[in-house]
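Each chain is listed here by its residues.
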Amino acid sequence: MIDKAHQAPEFRMICADLPAPPLFWRDDKGFRHGYESDLGRLLAQTLGLPFQFAYQNWADFYPALQAGEGDVILCGQGISAHRKTLADFTEPYAVFDEAVMIRRGSNLRSPSDLKDKKVGAIAQSLNMALAETFTGCICVPFGGDSDDVLGDMVSALRDGIIDAFVDDDVALVPLAEEADLEIGFSVPTQNKWGIAVKKENEAWLAHVNEALAMIKSNGQLEQLWRKWMPSLSYPFGTR
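Residues numbered from 1 in each chain as written. Predicted model: local features only at pLDDT ≥ 70, side-chain atom pairs only at ≥ 80, totals over all residues. Heavy atoms only, no water.

A. Summary view of the pattern of salt bridges. Within this structure, the stated rule accounts for 11 salt bridges. The residue R158 makes a salt bridge to E178 at a minimum N-O spacing of 3.4 Å. You can see R158 sitting in helix α4 (residues 149-158) and its partner E178 sitting in the loop between α5 (169-172) and β11 (181-193), a full 20 residues away along the chain. According to the relative accessible area criterion, R158 is partly exposed, its value standing at 38%. (Salt bridge = Lys/Arg side-chain N within 4 Å of Asp/Glu carboxyl O. Helix = DSSP H or I, 4+ residues; strand = E, 2+ residues; numbered from the N terminus. Buried < 20%, exposed > 50% of the residue type's maximum accessible area, 1.4 Å probe, protein only.)

B. Summary view of the packing of aromatic side chains. Applying the stated rule across the entire model yields 13 aromatic pairs. Centroid distance Y35 to Y93: 6.4 Å. Interplanar angle 35°. Geometry classified as tilted. With Y35 in helix α1 (residues 35-47) and Y93 in the loop between β6 (88-89) and β7 (94-103), this pair connects stretches of sequence that are 58 residues apart. Classification of Y93 by relative accessible area gives buried; the value is 0%. Seen from their ring centres, Y35 and W225 are 5.6 Å apart, and the 85° between their planes marks the pair as edge-to-face. (Phe/Tyr/Trp six-rings, centres within 6.5 Å; stacked < 30°, edge-to-face > 60°.)

C. Highlighting the environment of K192. Mapped onto the elements of the fold, K192 is located in strand β11. Each residue touching K192, except ones within four places of it in the same chain, is listed here: Q77, G78, I79, P92, A94 and V95. (Contact = heavy atoms within 4.5 Å.)

D. Looking closely at the pairing of β7. A large share of β7 lies buried, amounting to 8 of its 10 residues. Note that β7 and strand β10 (residues 164-168) share 5 bridges and pair antiparallel. Residue E98 lies in a different strand from β10, and its bridge partner there is D168. (Pairing = 2+ DSSP bridges.)

E. Inspection of the pairing of strand β1 (residues 11-15) at higher detail. Burial within β1 is extensive, with 5 of its 5 residues counted as buried. In β1, alternate side chains face the same way, and those of F11, M13 and C15 on one face and R12 and I14 on the other are all buried. Taken together, the 5 bridges between β1 and strand β4 (residues 51-55) define a ladder with parallel strand orientation. From the neighbouring strand, F11 faces β4, where its bridge partner is F51. Alignment of β1 against strand β5 (residues 72-73), held across 2 bridges, turns out to be parallel. Note that in β5 the partner of M13 across the bridge is V72.

As structure tokens, this is what we get:
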């Protein structure tokens, strides 16, 4: 059993209200599906807390956490040195490689092909850090202050404003099924994703970590992974 004496009164999950299957999306009835959505519900259940989604634009995640508008950020947060200055992070709940999305037929198949090309990524993200390693490319940051930063990058790619963009492979697999888009190449970065908790809240961080450890050890996290991402290898071993 998890000691509830010092944990938050509820599990408000800061996240983006945009379509990014298989991680998260809402259907026409407003129900939110996906791996991260179900993970939030499962963690709240494990902690014995009421649960709700606290929708924010991507750029507002950390200010909202600091302002107490949510209890955690559980929304595509690769654990980076920059983000660790903004919040504390749990142990990882996912590990993903990164990929480069291109217009179909543009034949950009390696980092060297991106020389003098405009490559987008979310500003100050691990994806942008990878783009910055592509020698000679022109990095184009997307601020995440819109309702749909992924959609903004897709539109910019289709309109020729950028030549490619970098994101985690899990987010790009569904897009690669579009007639005009494809994954140019992948990079095995094995980025760890974690749940962000407001700094100097060690007790709450410990509780969330304990709940996460429980659903890893009892196989529930693996079940969610295989439900939503069966084509990707589960990164934490099997029971």
